[in-house]
Amino acid sequence: MYAGTNGRMSMDRLGGIDWERMRAYRLKRTKEAMEKFGIDVLITWDAYSIRYICGGYPTVPCRYSQAQFVELPKNGEPHAFLTTSFSAYALREEMPWMENRLWAPPAGLKWCSKVSDLAPHMAKIIPIIKEYGLMDGTVGLDGCTLELLVSAALKAEGVSKVKSAHDMMFEARKIKNEDEIACMRLACESADAAFYEMKKAIVPGIRECDLVGIGMKKLYELGADETQEFVCSSGPRTNPLHIDYTDRAIAPGDVICIDVNGNSYMGYKSCYYRTFVCGEATEIQNAVYEECRNMLYEGMKGIKAGNTTADICEGWPKTPQYWGYDQWLDVAGYALGHGLGLSLHEAPACFKPGTVQAGIIEKLEEGMVIAVETWAGGEDPKYGKFGVRLEEDVVVTKDGYELLTKWPVDKITECPF
(Lines give C-alpha, C1' and ligand atoms only; values in the text may rest on other atoms or scores of the structure.)
Protein backbone atom coordinates (compact mmCIF):
# COMPACT_ATOMS: atom_id res chain seq x y z
CA MET A 1 0.00 0.00 0.00
CA TYR A 2 1.33 3.42 -0.97
CA ALA A 3 1.82 6.12 1.64
CA GLY A 4 -1.11 8.51 1.69
CA THR A 5 -3.72 5.88 0.76
CA ASN A 6 -5.60 6.70 3.95
CA GLY A 7 -6.08 10.39 3.16
CA ARG A 8 -4.54 13.78 3.92
CA MET A 9 -4.82 13.75 7.70
CA SER A 10 -2.16 12.36 10.01
CA MET A 11 -3.68 9.72 12.27
CA ASP A 12 -2.60 7.73 15.30
CA ARG A 13 -4.17 4.54 13.96
CA LEU A 14 -3.43 4.61 10.21
CA GLY A 15 -0.22 4.95 8.27
CA GLY A 16 0.24 7.90 5.98
CA ILE A 17 2.86 10.18 4.53
CA ASP A 18 6.06 9.97 6.57
CA TRP A 19 7.58 13.45 6.36
CA GLU A 20 10.76 12.51 8.22
CA ARG A 21 11.32 9.61 5.84
CA MET A 22 10.70 11.90 2.86
CA ARG A 23 13.19 14.53 4.10
CA ALA A 24 15.83 11.85 4.73
CA TYR A 25 15.29 10.35 1.28
CA ARG A 26 15.58 13.70 -0.47
CA LEU A 27 18.79 14.65 1.36
CA LYS A 28 20.27 11.23 0.57
CA ARG A 29 19.40 11.62 -3.12
CA THR A 30 21.03 15.06 -3.16
CA LYS A 31 24.27 13.79 -1.64
CA GLU A 32 24.38 10.85 -4.04
CA ALA A 33 24.00 13.26 -6.95
CA MET A 34 26.75 15.50 -5.52
CA GLU A 35 29.11 12.54 -5.46
CA LYS A 36 28.15 11.50 -8.99
CA PHE A 37 28.70 15.01 -10.38
CA GLY A 38 31.88 15.75 -8.39
CA ILE A 39 30.45 18.55 -6.26
CA ASP A 40 31.84 19.03 -2.75
CA VAL A 41 29.67 21.98 -1.69
CA LEU A 42 26.26 22.76 -3.17
CA ILE A 43 24.77 26.24 -2.97
CA THR A 44 21.24 26.58 -4.31
CA TRP A 45 18.98 29.59 -4.69
CA ASP A 46 16.33 27.54 -6.52
CA ALA A 47 13.08 27.50 -4.52
CA TYR A 48 12.31 23.87 -5.44
CA SER A 49 15.81 22.65 -4.62
CA ILE A 50 15.68 24.50 -1.30
CA ARG A 51 12.47 22.72 -0.41
CA TYR A 52 13.86 19.40 -1.59
CA ILE A 53 17.01 19.61 0.50
CA CYS A 54 15.72 21.00 3.78
CA GLY A 55 11.95 21.51 3.65
CA GLY A 56 12.32 25.30 3.52
CA TYR A 57 9.62 27.18 1.64
CA PRO A 58 10.56 30.40 -0.16
CA THR A 59 7.18 31.97 -0.84
CA VAL A 60 6.41 33.09 -4.39
CA PRO A 61 6.61 36.86 -3.69
CA CYS A 62 10.07 36.44 -2.14
CA ARG A 63 11.65 34.39 -4.93
CA TYR A 64 12.51 37.19 -7.34
CA SER A 65 15.13 38.81 -5.12
CA GLN A 66 16.99 35.49 -4.64
CA ALA A 67 17.99 36.28 -1.08
CA GLN A 68 17.22 32.79 0.23
CA PHE A 69 19.60 29.90 -0.29
CA VAL A 70 20.82 26.60 1.12
CA GLU A 71 24.44 25.51 1.42
CA LEU A 72 25.19 21.80 1.65
CA PRO A 73 28.70 20.39 2.21
CA LYS A 74 29.20 16.78 1.10
CA ASN A 75 30.38 15.84 4.61
CA GLY A 76 27.79 17.82 6.56
CA GLU A 77 24.17 18.84 6.91
CA PRO A 78 22.29 21.61 5.07
CA HIS A 79 22.62 25.21 6.24
CA ALA A 80 19.66 27.42 5.30
CA PHE A 81 19.09 31.14 4.95
CA LEU A 82 15.32 31.64 4.82
CA THR A 83 12.63 34.29 5.29
CA THR A 84 9.38 32.33 5.61
CA SER A 85 9.31 34.09 8.97
CA PHE A 86 11.02 37.39 9.62
CA SER A 87 12.45 35.69 12.70
CA ALA A 88 15.01 32.99 11.98
CA TYR A 89 14.61 31.93 15.59
CA ALA A 90 10.91 31.20 15.01
CA LEU A 91 11.85 29.12 11.97
CA ARG A 92 14.33 27.15 14.04
CA GLU A 93 11.47 26.16 16.33
CA GLU A 94 9.24 25.28 13.38
CA MET A 95 11.95 23.27 11.57
CA PRO A 96 13.65 21.35 14.40
CA TRP A 97 15.28 18.89 11.97
CA MET A 98 17.56 21.75 10.89
CA GLU A 99 19.10 21.75 14.39
CA ASN A 100 19.59 25.53 14.41
CA ARG A 101 21.52 25.60 11.10
CA LEU A 102 19.14 28.30 9.94
CA TRP A 103 19.68 32.06 9.69
CA ALA A 104 18.23 35.19 8.18
CA PRO A 105 19.48 35.64 4.60
CA PRO A 106 21.67 38.46 3.34
CA ALA A 107 20.52 40.88 0.62
CA GLY A 108 19.14 39.43 -2.61
CA LEU A 109 21.38 38.46 -5.50
CA LYS A 110 19.19 40.48 -7.85
CA TRP A 111 20.39 43.70 -6.24
CA CYS A 112 24.08 42.92 -6.85
CA SER A 113 25.97 44.27 -9.88
CA LYS A 114 29.65 43.77 -8.92
CA VAL A 115 31.74 41.34 -6.92
CA SER A 116 32.03 43.66 -3.93
CA ASP A 117 28.22 43.71 -3.61
CA LEU A 118 28.40 40.02 -2.73
CA ALA A 119 30.45 40.58 0.45
CA PRO A 120 27.42 39.90 2.73
CA HIS A 121 26.83 36.61 0.92
CA MET A 122 30.47 35.56 1.11
CA ALA A 123 30.47 36.34 4.82
CA LYS A 124 27.81 33.63 5.22
CA ILE A 125 29.03 31.14 2.61
CA ILE A 126 32.81 30.98 3.09
CA PRO A 127 32.86 30.14 6.84
CA ILE A 128 30.74 27.04 6.18
CA ILE A 129 33.07 25.87 3.40
CA LYS A 130 36.04 26.39 5.71
CA GLU A 131 34.33 24.64 8.63
CA TYR A 132 34.09 21.45 6.58
CA GLY A 133 37.58 21.77 5.07
CA LEU A 134 36.38 22.09 1.49
CA MET A 135 38.11 25.24 0.21
CA ASP A 136 40.06 23.05 -2.23
CA GLY A 137 36.92 21.28 -3.40
CA THR A 138 34.37 22.07 -6.11
CA VAL A 139 31.46 24.36 -5.31
CA GLY A 140 28.31 23.77 -7.36
CA LEU A 141 25.83 26.59 -8.01
CA ASP A 142 22.14 25.85 -8.64
CA GLY A 143 19.45 28.36 -9.52
CA CYS A 144 21.93 31.22 -9.44
CA THR A 145 20.99 34.13 -11.69
CA LEU A 146 24.43 35.76 -11.24
CA GLU A 147 26.56 32.65 -11.74
CA LEU A 148 29.53 34.48 -13.26
CA LEU A 149 29.54 37.13 -10.53
CA VAL A 150 29.13 34.60 -7.70
CA SER A 151 31.87 32.41 -9.22
CA ALA A 152 34.24 35.38 -9.28
CA ALA A 153 33.40 36.27 -5.68
CA LEU A 154 34.00 32.69 -4.49
CA LYS A 155 37.34 32.47 -6.29
CA ALA A 156 38.38 35.82 -4.87
CA GLU A 157 37.84 34.28 -1.42
CA GLY A 158 40.12 31.35 -2.28
CA VAL A 159 37.66 28.70 -3.51
CA SER A 160 39.44 26.46 -6.02
CA LYS A 161 36.72 25.37 -8.44
CA VAL A 162 33.16 26.47 -9.22
CA LYS A 163 30.70 24.79 -11.61
CA SER A 164 26.99 24.74 -12.42
CA ALA A 165 24.91 22.23 -10.43
CA HIS A 166 21.65 22.72 -12.33
CA ASP A 167 21.77 19.30 -13.99
CA MET A 168 22.85 17.69 -10.73
CA MET A 169 19.65 18.75 -8.97
CA PHE A 170 17.52 17.40 -11.82
CA GLU A 171 19.33 14.10 -11.31
CA ALA A 172 18.65 14.18 -7.56
CA ARG A 173 14.95 14.93 -7.89
CA LYS A 174 14.00 12.64 -10.78
CA ILE A 175 13.15 9.49 -8.75
CA LYS A 176 10.37 9.96 -6.21
CA ASN A 177 9.87 7.88 -3.07
CA GLU A 178 6.48 6.64 -1.85
CA ASP A 179 5.84 9.79 0.19
CA GLU A 180 6.54 12.13 -2.71
CA ILE A 181 4.27 10.06 -4.95
CA ALA A 182 1.55 10.20 -2.29
CA CYS A 183 1.74 14.00 -2.35
CA MET A 184 1.42 14.00 -6.13
CA ARG A 185 -1.52 11.62 -5.96
CA LEU A 186 -3.25 14.02 -3.57
CA ALA A 187 -2.44 16.98 -5.84
CA CYS A 188 -4.19 15.17 -8.70
CA GLU A 189 -7.17 14.38 -6.46
CA SER A 190 -7.46 18.09 -5.67
CA ALA A 191 -7.38 18.82 -9.40
CA ASP A 192 -10.27 16.39 -9.92
CA ALA A 193 -12.31 18.37 -7.39
CA ALA A 194 -11.42 21.62 -9.14
CA PHE A 195 -12.50 20.16 -12.49
CA TYR A 196 -15.83 19.18 -10.97
CA GLU A 197 -16.48 22.68 -9.62
CA MET A 198 -15.58 24.22 -12.97
CA LYS A 199 -17.73 21.70 -14.86
CA LYS A 200 -20.77 22.70 -12.75
CA ALA A 201 -20.10 26.36 -13.55
CA ILE A 202 -19.79 26.01 -17.34
CA VAL A 203 -22.85 27.75 -18.77
CA PRO A 204 -23.22 30.38 -21.50
CA GLY A 205 -21.78 33.68 -20.31
CA ILE A 206 -19.33 32.34 -17.75
CA ARG A 207 -15.87 33.72 -18.45
CA GLU A 208 -12.55 31.91 -18.63
CA CYS A 209 -11.28 33.93 -15.67
CA ASP A 210 -14.38 33.04 -13.64
CA LEU A 211 -13.64 29.34 -14.13
CA VAL A 212 -10.02 29.81 -13.06
CA GLY A 213 -11.16 31.52 -9.85
CA ILE A 214 -13.66 28.77 -9.10
CA GLY A 215 -11.06 26.06 -9.66
CA MET A 216 -8.36 27.76 -7.60
CA LYS A 217 -10.77 28.28 -4.71
CA LYS A 218 -11.35 24.54 -4.50
CA LEU A 219 -7.62 23.79 -4.61
CA TYR A 220 -6.91 26.08 -1.69
CA GLU A 221 -9.84 24.62 0.24
CA LEU A 222 -8.15 21.23 -0.16
CA GLY A 223 -4.79 22.39 1.13
CA ALA A 224 -2.84 23.70 -1.85
CA ASP A 225 0.14 25.73 -0.68
CA GLU A 226 0.33 27.55 -4.03
CA THR A 227 -1.03 27.22 -7.53
CA GLN A 228 0.07 28.72 -10.81
CA GLU A 229 -2.44 30.23 -13.19
CA PHE A 230 -4.51 27.64 -15.05
CA VAL A 231 -4.76 27.30 -18.76
CA CYS A 232 -8.40 28.02 -19.59
CA SER A 233 -8.95 28.66 -23.29
CA SER A 234 -12.30 28.44 -25.02
CA GLY A 235 -13.84 28.49 -28.48
CA PRO A 236 -11.46 29.74 -31.18
CA ARG A 237 -8.71 30.21 -28.56
CA THR A 238 -8.35 26.42 -28.47
CA ASN A 239 -7.18 26.31 -32.14
CA PRO A 240 -4.41 27.25 -32.22
CA LEU A 241 -4.19 26.47 -28.52
CA HIS A 242 -3.63 29.41 -26.18
CA ILE A 243 -2.11 28.50 -22.81
CA ASP A 244 -3.44 31.39 -20.72
CA TYR A 245 -6.89 32.71 -19.79
CA THR A 246 -8.82 35.90 -20.50
CA ASP A 247 -12.21 37.39 -19.68
CA ARG A 248 -13.70 35.85 -22.84
CA ALA A 249 -17.31 34.76 -22.24
CA ILE A 250 -18.07 31.16 -23.17
CA ALA A 251 -20.83 30.58 -25.72
CA PRO A 252 -23.06 27.56 -26.38
CA GLY A 253 -21.13 24.89 -28.25
CA ASP A 254 -17.70 26.20 -27.23
CA VAL A 255 -14.97 23.71 -26.45
CA ILE A 256 -12.97 24.61 -23.30
CA CYS A 257 -9.44 23.30 -22.61
CA ILE A 258 -8.44 23.53 -18.94
CA ASP A 259 -5.05 22.67 -17.43
CA VAL A 260 -4.84 22.53 -13.62
CA ASN A 261 -1.10 23.10 -13.72
CA GLY A 262 1.22 24.12 -10.93
CA ASN A 263 -1.33 23.07 -8.32
CA SER A 264 0.91 22.33 -5.36
CA TYR A 265 0.19 19.93 -2.49
CA MET A 266 3.05 19.99 0.02
CA GLY A 267 5.11 21.38 -2.84
CA TYR A 268 4.31 18.64 -5.35
CA LYS A 269 2.56 19.56 -8.57
CA SER A 270 -0.15 18.41 -10.91
CA CYS A 271 -0.12 19.25 -14.62
CA TYR A 272 -3.44 18.00 -15.88
CA TYR A 273 -5.50 18.88 -18.98
CA ARG A 274 -9.09 17.96 -19.69
CA THR A 275 -11.44 19.25 -22.39
CA PHE A 276 -15.07 20.27 -21.85
CA VAL A 277 -17.89 21.49 -24.10
CA CYS A 278 -20.58 24.01 -23.19
CA GLY A 279 -23.66 21.93 -23.99
CA GLU A 280 -23.68 18.67 -25.92
CA ALA A 281 -20.77 17.72 -28.15
CA THR A 282 -21.26 17.62 -31.90
CA GLU A 283 -20.21 14.69 -34.06
CA ILE A 284 -17.03 16.42 -35.22
CA GLN A 285 -16.13 17.52 -31.67
CA ASN A 286 -16.42 13.91 -30.55
CA ALA A 287 -14.31 12.75 -33.48
CA VAL A 288 -11.50 15.24 -32.80
CA TYR A 289 -11.61 14.38 -29.11
CA GLU A 290 -11.15 10.70 -29.93
CA GLU A 291 -8.25 11.57 -32.25
CA CYS A 292 -6.52 13.43 -29.40
CA ARG A 293 -7.23 10.66 -26.87
CA ASN A 294 -5.95 7.93 -29.18
CA MET A 295 -2.78 9.92 -29.82
CA LEU A 296 -2.21 10.34 -26.08
CA TYR A 297 -2.64 6.68 -25.24
CA GLU A 298 -0.63 5.46 -28.22
CA GLY A 299 2.28 7.39 -26.73
CA MET A 300 1.60 6.09 -23.23
CA LYS A 301 2.01 2.50 -24.48
CA GLY A 302 5.75 3.23 -24.44
CA ILE A 303 5.87 4.03 -20.72
CA LYS A 304 7.66 1.51 -18.54
CA ALA A 305 10.98 1.29 -16.74
CA GLY A 306 13.82 0.50 -19.14
CA ASN A 307 12.15 2.16 -22.11
CA THR A 308 13.09 5.68 -23.20
CA THR A 309 11.30 8.90 -24.01
CA ALA A 310 11.73 7.91 -27.67
CA ASP A 311 9.40 4.95 -27.06
CA ILE A 312 6.69 7.39 -25.99
CA CYS A 313 7.27 9.65 -28.99
CA GLU A 314 7.07 6.57 -31.25
CA GLY A 315 3.32 6.55 -30.67
CA TRP A 316 2.90 10.11 -31.89
CA PRO A 317 2.78 11.64 -35.41
CA LYS A 318 6.06 11.30 -37.27
CA THR A 319 5.99 14.66 -39.07
CA PRO A 320 4.78 18.17 -38.19
CA GLN A 321 2.65 18.09 -41.33
CA TYR A 322 0.17 16.03 -39.30
CA TRP A 323 -0.87 19.31 -37.67
CA GLY A 324 -0.49 21.30 -40.90
CA TYR A 325 2.99 22.81 -40.37
CA ASP A 326 6.43 22.23 -41.86
CA GLN A 327 8.65 22.72 -38.81
CA TRP A 328 8.64 20.84 -35.51
CA LEU A 329 9.03 24.13 -33.64
CA ASP A 330 5.69 25.25 -35.06
CA VAL A 331 3.97 22.33 -33.31
CA ALA A 332 6.29 22.02 -30.32
CA GLY A 333 3.45 21.86 -27.81
CA TYR A 334 1.09 19.53 -29.63
CA ALA A 335 2.53 16.20 -28.42
CA LEU A 336 5.00 16.23 -25.55
CA GLY A 337 5.91 14.96 -22.13
CA HIS A 338 7.95 16.16 -19.17
CA GLY A 339 8.98 15.17 -15.69
CA LEU A 340 6.90 16.42 -12.79
CA GLY A 341 7.64 16.94 -9.10
CA LEU A 342 8.29 19.93 -6.86
CA SER A 343 8.58 21.98 -10.05
CA LEU A 344 6.30 21.77 -13.06
CA HIS A 345 9.13 20.58 -15.32
CA GLU A 346 11.72 18.09 -14.09
CA ALA A 347 13.63 15.10 -15.41
CA PRO A 348 13.07 13.54 -17.81
CA ALA A 349 13.35 16.87 -19.60
CA CYS A 350 10.64 17.99 -22.01
CA PHE A 351 10.45 15.45 -24.84
CA LYS A 352 8.51 15.57 -28.11
CA PRO A 353 8.78 14.01 -31.55
CA GLY A 354 11.16 16.64 -32.91
CA THR A 355 13.65 16.11 -30.10
CA VAL A 356 14.00 12.42 -30.91
CA GLN A 357 15.39 13.33 -34.33
CA ALA A 358 17.85 15.59 -32.52
CA GLY A 359 19.02 12.67 -30.36
CA ILE A 360 17.60 14.02 -27.10
CA ILE A 361 16.50 10.78 -25.45
CA GLU A 362 16.29 9.80 -21.77
CA LYS A 363 15.81 6.44 -20.09
CA LEU A 364 12.65 5.90 -18.04
CA GLU A 365 13.17 4.66 -14.48
CA GLU A 366 10.86 3.35 -11.78
CA GLY A 367 9.68 6.19 -9.56
CA MET A 368 9.80 8.89 -12.22
CA VAL A 369 6.62 10.93 -12.45
CA ILE A 370 5.86 12.25 -15.91
CA ALA A 371 3.11 14.20 -17.62
CA VAL A 372 2.17 13.40 -21.22
CA GLU A 373 -0.09 15.61 -23.33
CA THR A 374 -1.48 15.81 -26.86
CA TRP A 375 -3.58 18.15 -29.00
CA ALA A 376 -5.77 17.73 -32.06
CA GLY A 377 -7.75 20.37 -33.92
CA GLY A 378 -10.71 20.60 -36.25
CA GLU A 379 -13.50 22.83 -37.50
CA ASP A 380 -17.17 22.44 -36.75
CA PRO A 381 -19.59 23.71 -39.41
CA LYS A 382 -21.72 25.40 -36.74
CA TYR A 383 -19.18 26.51 -34.10
CA GLY A 384 -16.00 27.09 -36.09
CA LYS A 385 -12.40 26.11 -35.33
CA PHE A 386 -11.65 24.36 -32.08
CA GLY A 387 -9.04 22.11 -30.49
CA VAL A 388 -8.88 19.35 -27.90
CA ARG A 389 -6.13 19.02 -25.30
CA LEU A 390 -5.62 16.09 -22.92
CA GLU A 391 -2.94 15.23 -20.39
CA GLU A 392 -2.22 12.42 -17.95
CA ASP A 393 0.20 12.27 -15.00
CA VAL A 394 1.75 8.87 -14.35
CA VAL A 395 4.30 7.13 -12.14
CA VAL A 396 6.70 4.94 -14.13
CA THR A 397 6.62 1.35 -12.89
CA LYS A 398 8.52 -1.82 -13.77
CA ASP A 399 5.81 -3.05 -16.15
CA GLY A 400 4.12 0.19 -17.18
CA TYR A 401 2.69 3.03 -15.15
CA GLU A 402 0.33 4.02 -12.36
CA LEU A 403 -2.21 6.58 -13.53
CA LEU A 404 -2.53 9.49 -11.09
CA THR A 405 -5.07 11.51 -13.08
CA LYS A 406 -8.56 10.02 -12.77
CA TRP A 407 -11.00 12.46 -14.40
CA PRO A 408 -12.94 10.45 -17.05
CA VAL A 409 -11.11 10.54 -20.36
CA ASP A 410 -13.10 8.13 -22.55
CA LYS A 411 -15.18 10.96 -23.99
CA ILE A 412 -15.35 14.74 -23.91
CA THR A 413 -16.93 16.15 -20.75
CA GLU A 414 -20.28 17.65 -21.72
CA CYS A 415 -21.81 20.47 -19.66
CA PRO A 416 -25.52 20.56 -20.52
CA PHE A 417 -27.54 23.63 -19.62
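Undergrad: Tell me about the pairing of strand S6 (residues 161-164), residues and numbers included.
TA: It is a general feature of regular strands that their side chains alternate between the two faces of the sheet. The pairing of strand S5 (residues 138-142) with S6 spans 4 bridges and is classified as parallel. Across the sheet, Leu-141 pairs through a bridge with Ser-164, a residue of S6. In this region the chain leaves S5, passes through helix H5 (residues 147-156) and returns to the parallel neighbour S6; the handedness of that crossover is right-handed.

Undergrad: Describe the sheet that holds strand S13 (residues 346-351), and please don't skip the residues or the numbers.
TA: Strand order in this open sheet of 5 strands is S13-S12-S14-S15-S16, and the pairing throughout is antiparallel. What marks the edges here is a single partner per strand, and that holds for S13 and strand S16 (401-403). Taken over all neighbouring pairs, the strand axes of this sheet differ in orientation by 25° on average, direction set aside. On top of the sheet, helix H9 (residues 283-300) reaches strand S12 (335-339), strand S14 (369-380), strand S15 (384-396) and S16; it is set at about 155° to S14, its chief contact.

Undergrad: I'd like to hear about the layout of surface pockets, residue by residue, with values.
TA: Taken as a whole, the largest pocket encloses approximately 280 Å³ of empty space. Together, 16 residues line the largest pocket, and Ile-243, Asp-259, Tyr-273, Glu-373 and Arg-389 are the ones closest to its centre. Residue composition of the lining of the largest pocket, by class: 9 nonpolar, 4 polar and 3 charged.

Undergrad: Could you give an account of empty space enclosed by the protein, naming the residues involved and the relevant values?
TA: Applying the stated criterion across every chain, the model contains 2 cavities of 30 Å³ or more. Estimates place the volume of the largest cavity at around 60 Å³. Per-element accounting of the lining of the largest cavity gives the leading share, 3 residues, to helix H2 (residues 47-54). Broken down by class, the residue content of the lining of the largest cavity amounts to 4 nonpolar, 2 polar and 4 charged. Counted as a void, the second largest cavity has a volume near 30 Å³. Together, Thr-309, Ala-349, Cys-350, Phe-351, Ile-360 and Glu-362 line the second largest cavity.

Undergrad: Before we move on, could you go through unusual backbone geometry and cite the residues and values that matter?
TA: For the peptide bond that leads from Asn-239 to Pro-240, omega is 0°, which places it in the cis range. A positive phi angle, close to 55°, is found at Gln-66, a residue other than glycine. A residue is classified by how much of its surface remains accessible, and Gln-66, at 9% relative accessible area, is buried. You will see that Asn-100, though not glycine, has its phi angle at about 70°, which is positive. Here Asn-100 lies in the loop between helix H3 (88-94) and strand S4 (102-103).

Undergrad: Tell me about the sheet that holds strand S7 (residues 231-234), and name the residues and values.
TA: Spatially, 4 strands are ordered S7-S8-S11-S17 in an open sheet, and the strand pairing comes out mixed. At either margin of the open sheet sits one strand with a lone partner, and together these are S7 and strand S17 (413-415). Going from strand to strand, the sheet's axes swing by 25° on average, the running direction of each strand aside. In terms of strand pairing, S7 meets strand S8 (residues 255-259) through 4 bridges, oriented antiparallel.

Conventions adopted
Residues numbered from 1 in each chain as written. Predicted model: local features only at pLDDT ≥ 70, side-chain atom pairs only at ≥ 80, totals over all residues. Heavy atoms only, no water. Pairing = 2+ DSSP bridges. Helix = DSSP H or I, 4+ residues; strand = E, 2+ residues; numbered from the N terminus. Right-handed = clockwise from strand over helix to strand, strands pointing away. Axes fitted to C-alpha atoms, helices over the stretch in contact; angles between N-to-C directions. Contact = heavy atoms within 4.5 Å. 1 Å grid on protein atoms, 1.4 Å probe; cavity = no way out; pocket = protein on both sides within 12 Å on 5 of 7 lines; lining within 4 Å. Points joined across faces, edges and corners; volume = space filled by probe spheres on them. Nonpolar A, V, L, I, M, F, W, Y, C, P; charged D, E, K, R; others polar. Buried < 20%, exposed > 50% of the residue type's maximum accessible area, 1.4 Å probe, protein only.

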